[in-house]
Amino acid sequence: QVQFVESGGGSVQPGGSLTLSCIIPGNRLNNLFVKFEVGWHRQAPGKERELVATVNEDGKTYYGDSVKGRFTISGDNAKNTVALQMNNLQPEDTAVYYCTIGGRRWGTTRDVDYWGQGTQVTVSS
């Protein structure tokens, strides 16, 4: 099992900024996974889960279309940390944000994914 320590959620006015942080305690991700993508998903009330941003074992980043140009993800595989800088937040960004990791664990043949508990982000005036 993988554990997560998420922080940084809160309330902000439109146009404001927040930074989400996630620490994955324990063994280094490269020692657990052959390949992986760590990052953030979100879910707003009444909506499906949405990929926000991820970074893989090689440092390659991916962003959902709705956050491109506004959010920046950064990861430190040596420290098992990932952060999401969110700028120009809008009401439609209101959601529970989950730190996630998905990939192939060493010695296995199927991809798996793990989700944190989530942290609330609310954008309103």
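Scope of this entry: the structure provided in the associated data block.

Rules of the game
- Residues numbered from 1 in each chain as written.
- Predicted model: local features only at pLDDT ≥ 70, side-chain atom pairs only at ≥ 80, totals over all residues.
- Heavy atoms only, no water.
- Pairing = 2+ DSSP bridges.
- Helix = DSSP H or I, 4+ residues; strand = E, 2+ residues; numbered from the N terminus.
- Axes fitted to C-alpha atoms, helices over the stretch in contact; angles between N-to-C directions.
- Buried < 20%, exposed > 50% of the residue type's maximum accessible area, 1.4 Å probe, protein only.
- Contact = heavy atoms within 4.5 Å.

Details of the sheet that holds strand β1 (residues 5-7)
One open sheet holds the four strands; their spatial order is β1-β3-β8-β7, and the pairing between them is antiparallel. The two strands at the open ends of the sheet, each matched to only one other strand, are β1 and β7 (71-76). The average angle at which neighbouring strand axes cross in this sheet is 10 degrees, direction not considered. Sheet topology places β7 next to strand β8 (residues 81-86); six bridges connect them, and they run antiparallel. Residue pairing for β8: F71 is matched across the bridge by M86.

Notes on the environment of G8
Of note, G8 is situated in the loop between β1 and β2 (10-12). For G8, a relative accessible area of 33% puts it in the partly exposed group. Spatially, the C-alpha atoms of G8 and A53 are 16 Å apart, while their sequence positions differ by 45 residues. With near-sequence residues (within four places) excluded, G8 lies in contact with L18, T19 and L20.

Observations regarding the pairing of strand β9 (residues 95-105)
Successive residues of a regular strand alternate their side chains across the two faces of the sheet. Two strands pair when backbone bridges link them, and strand β4 (residues 33-43) and β9 are joined in this way by 10 bridges, in the antiparallel orientation. Each residue of the ladder has a partner; that of G39, found in β9, is T100. Sheet analysis places β9 next to strand β11 (residues 119-123), joined by three bridges and oriented antiparallel. The residue bridging A95 from the neighbouring strand is V121, located in β11. By the bridge criterion, five bridges tie β9 to strand β10 (residues 111-115) in an arrangement that is antiparallel. By the bridge assignment, T100 is partnered in β10 with W115. Here β9 hands over to β10 after five residues, with G107 in that stretch at a positive phi of 80 degrees.

Concerning unusual backbone geometry
One non-glycine residue with positive phi stands out, namely N80, at about 55 degrees. Note on placement: N80 falls in the loop between β7 and β8. At N88, a position not held by glycine, the phi torsion is positive, near 50 degrees. As for its placement among the helices and strands, N88 is situated in the loop between β8 and β9.

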